[in-house]
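Chain by chain, the residues run as shown.
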Protein chains: 2
Amino acid sequence: MCNSHHREQDESEEHCCPGRGRVRGFMQPWLLLLLAQKPAHGYELMERLGQDDETPGADPGLLYRTLRQFEQEGLVRSSWDTEGSGPARRVYEITDEGLEYLHAWAVNIRRTRERLDRFLAEYQAHFQSAEEGR
Amino acid sequence: MCNSHHREQDESEEHCCPGRGRVRGFMQPWLLLLLAQKPAHGYELMERLGQDDETPGADPGLLYRTLRQFEQEGLVRSSWDTEGSGPARRVYEITDEGLEYLHAWAVNIRRTRERLDRFLAEYQAHFQSAEEGR
DNA sequence: TCTGCTATATGACTGACACATATAGTATAA
DNA sequence: TTATACTATATGTGTCAGTCATATAGCAGA
């Protein structure tokens, strides 16, 4: 049910070139937060990402690669779950180091939001005064 | 790798690895906005960027490349200024197309800020309730 | 002359991301 | 039984912003 392959280009879609304006590495803190809430496997994380971030179909390739990279860095650990139906699932769990990393990310994101606000403030200041001027 | 254990963050430095958590292509709307305020050459834009975005020394390589790319795309136009002392300066001026692009960027950035808010809300919701639980 | 500031520019590399594709297990309907 | 759809993990490749290093040249003052 995770249709990552259809891209509808309606008006709410970005005018600027794709990829621009997004936060670099934003999938990383989301994965860590979702794992902090509850251990999960990749496919489930993909679905939860699609809801919370309203990102319609996060790229599976990026997701699985990010998880494996996290494991290499000790931010998560994994085990195979062969219970239930369907193929075996690799279940991820966040580590203490991963939690620390998540908190650092939160600080980072607050800082990024301030930068955005600073831009928007200056943008509006300029174009409001430009509006007054005519 | 983000060695958060060894080095206490000296407030201005980022905790997570460099480049992460920043907005992709964020220099682009800044340049367009600064040029919308007033035509300028690269070096001056670099200094104004350092003030407004409090980014201490934006990378000159990226800045000049971005400006030339903008010119190729018709977002800005340039002319040489040989007046005054020092080396000749290439003075950039924003075009109508550049203004349009800037406005599209502003929409994009508002959307990005909403995404950040959504993350921070969920982050705080989780860790506040986790605090209550102990 | 040597240093330092102004000013523009290129080359090499990295990391996040997009897009395509491969793989296999399971369930269900034709 | 075959076909298909869904679940689940994974790799390969290319793009692009960002980082760092370096090259260049004009000009000014010690």
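Not measured: the values here are computed from a predicted model.

Colleague: Describe the protein's contact with DNA strand C, naming the residues involved and giving the relevant values.
Modeller: Among the 26 residues in the neighbourhood of DNA strand C, the closest are listed as Gly 25 of chain A together with Arg 20, Tyr 43, Arg 65 and Arg 90 of chain B. A breakdown of the atoms of DNA strand C within 4 Å of the protein gives sugar and phosphate a share of 64%. At 3.4 Å, a side-chain N or O of Asp 59 of chain A approaches a base nitrogen of DNA strand C. Those elements that provide at least two residues to the surface near DNA strand C are α3 (60-73) of chain A together with α2 (42-52), α3 (60-73) and β3 (89-94) of chain B. Broken down by element, the residue count for the surface near DNA strand C peaks at four residues, all from α3 of chain B. Across the surface near DNA strand C, the residue classes tally to eight nonpolar, eight polar and 10 charged.

Colleague: An account of the packing of aromatic side chains is needed here, citing residue identities and associated values.
Modeller: Residue and element names in this part refer to chain A. All told, the structure shown has 10 aromatic pairs over all chains when counted by the stated rule. Aromatic pair Phe 26 and Trp 30: ring centres 6.4 Å apart, planes at 70°, arrangement edge-to-face. Each member of the pair, Phe 26 as well as Trp 30, is classed as buried. Here Tyr 123 and Phe 127 contribute two aromatic rings whose centre-to-centre distance is 4.9 Å and whose plane-to-plane angle is 55°, an arrangement assigned as tilted.

Colleague: Requested: an account of the nonpolar core, with residues and values cited.
Modeller: Taken as a class, soluble globular proteins show a tendency for nonpolar side chains to be buried jointly. Formed by 64 residues in total, the largest nonpolar core has its most connected members in Phe 119 of chain A together with Phe 119 of chain B. Residues contacting Phe 119 of chain B, with those up to four places away along its chain left out, are Phe 26, Pro 29, Trp 30, Leu 33, Leu 102 and Ile 109 of chain A.

Colleague: So what about the pairing of β3 of chain B? Which residues, and what values?
Modeller: Sheet topology note: the strand β1 (residues 40-41) of chain B/β3 of chain B ladder contains two bridges and is antiparallel. Counterpart to His 41 of chain B in the pairing with β3 of chain B is Val 91 of chain B.

Colleague: Describe the packing of helix α1 (residues 27-37) of chain B against α2 of chain B, with residues and values.
Modeller: Residue and element names in this part refer to chain B. Interaxial distance between α1 and α2 falls to 11 Å at its minimum, and their mutual angle equals 110°. Taken together, the axes of α1 and α2 lie roughly perpendicular to each other. Here Met 27, Trp 30, Leu 31, Leu 34, Leu 35 and Gln 37 of α1 come into contact with α2, specifically with Leu 45, Arg 48, Leu 49 and Asp 52. The residue makeup of the contact of α1 with α2, split by class, is seven nonpolar, one polar and two charged.

Colleague: So what's going on with the environment of Leu 34 of chain A? Residues and values would help.
Modeller: All names here are of chain A. Considering the arrangement of structural elements, one finds Leu 34 in helix α1 (residues 27-37). Taking the C-alpha atoms as reference, Leu 34 lies 8.2 Å from Leu 49; in sequence the two are 15 residues apart. The residues touching Leu 34, leaving out its near neighbours within four places in the chain, are Leu 45, Arg 48, Leu 49 and Asp 52.

Colleague: Can you break down helix α2 (residues 42-52) of chain A residue by residue, with the values?
Modeller: Three or more residues of α2 of chain A are buried, namely Gly 42, Glu 44, Leu 45, Met 46, Arg 48 and Leu 49 of chain A. Along its buried surface, α2 of chain A packs onto α1, β1 (40-41), α3 and β3 (89-94) of chain A.

Colleague: Talk me through the sheet that holds β1 of chain B; I want residue IDs and the actual numbers.
Modeller: Residues and elements named next belong to chain B. Read across the sheet, three strands follow the order β1-β3-β2 without closing on themselves; strand pairing throughout is antiparallel. Bordering the open sheet on either side are β1 and β2 (76-81), each of which pairs with just one other strand. Relative to β3, α1 is tilted by about 90°, and along the sheet it contacts β1, β2 and β3.

Colleague: Describe the interface of chain B and chain A, naming the residues involved and giving the relevant values.
Modeller: Each partner contributes to the interface: chain B provides 51 residues, whereas chain A provides 50 residues. Across the chain B to chain A interface the summed buried area is about 5200 Å²; carbon plus sulfur atoms make up 59%. Counting the contacts that link chain B with chain A gives two salt bridges. Put simply, Arg 113 of chain B and Asp 117 of chain A hold a salt bridge, and the shortest N to O gap is 2.6 Å. Along the contact surface separating chain B from chain A lie 17 residue pairs in polar contact (both at pLDDT 80 or more).

Colleague: Mind laying out the sheet that holds β3 of chain A, listing which residues take part and the relevant values?
Modeller: Residues and elements named next belong to chain A. Strand order across the open sheet formed by three strands is β1-β3-β2, with antiparallel pairing between neighbours. The open sheet terminates on both sides in strands that have one partner only, identified here as β1 and β2 (76-81). Note that β2 and β3 share six bridges and pair antiparallel. From the neighbouring strand, Trp 80 faces β3, where its bridge partner is Arg 90. The sheet strands contacting α1 are β1, β2 and β3, and the helix crosses β3 at an angle near 90°.

Colleague: Got a sec to walk through the confidence of the model for chain A? Specific residues and values, please.
Modeller: Residues and elements named next belong to chain A. The predicted model of chain A averages 86 in pLDDT, with 79% of residues at 70 or higher. In the model of chain A, α2 stands out as the element of lowest mean pLDDT, 90, in contrast to β3, which has the highest, 98. Every residue in residues 1-13 scores below 50 in pLDDT, and together they form 14 contacts with partners more than four places removed in sequence or on other chains.

How each quantity is defined
- Residues numbered from 1 in each chain as written.
- Chains lettered and ligands numbered in written order.
- Predicted model: local features only at pLDDT ≥ 70, side-chain atom pairs only at ≥ 80, totals over all residues.
- Heavy atoms only, no water.
- Near = heavy atom within 4 Å.
- Polar contact = N/O pair within 3.5 Å; in protein donor to acceptor, adjacent residues only side chain to side chain.
- Helix = DSSP H or I, 4+ residues; strand = E, 2+ residues; numbered from the N terminus.
- Nonpolar A, V, L, I, M, F, W, Y, C, P; charged D, E, K, R; others polar.
- Phe/Tyr/Trp six-rings, centres within 6.5 Å; stacked < 30°, edge-to-face > 60°.
- Buried < 20%, exposed > 50% of the residue type's maximum accessible area, 1.4 Å probe, protein only.
- Core = buried A, V, L, I, M, F, W, Y, C linked by side-chain atoms within 4.5 Å.
- Contact = heavy atoms within 4.5 Å.
- Pairing = 2+ DSSP bridges.
- Axes fitted to C-alpha atoms, helices over the stretch in contact; angles between N-to-C directions.
- Parallel < 35°, antiparallel > 145°, perpendicular 65-115°, else oblique.
- Buried area = accessible area lost by both parts, 1.4 Å probe.
- Salt bridge = Lys/Arg side-chain N within 4 Å of Asp/Glu carboxyl O.
- pLDDT = per-residue confidence, 0-100.

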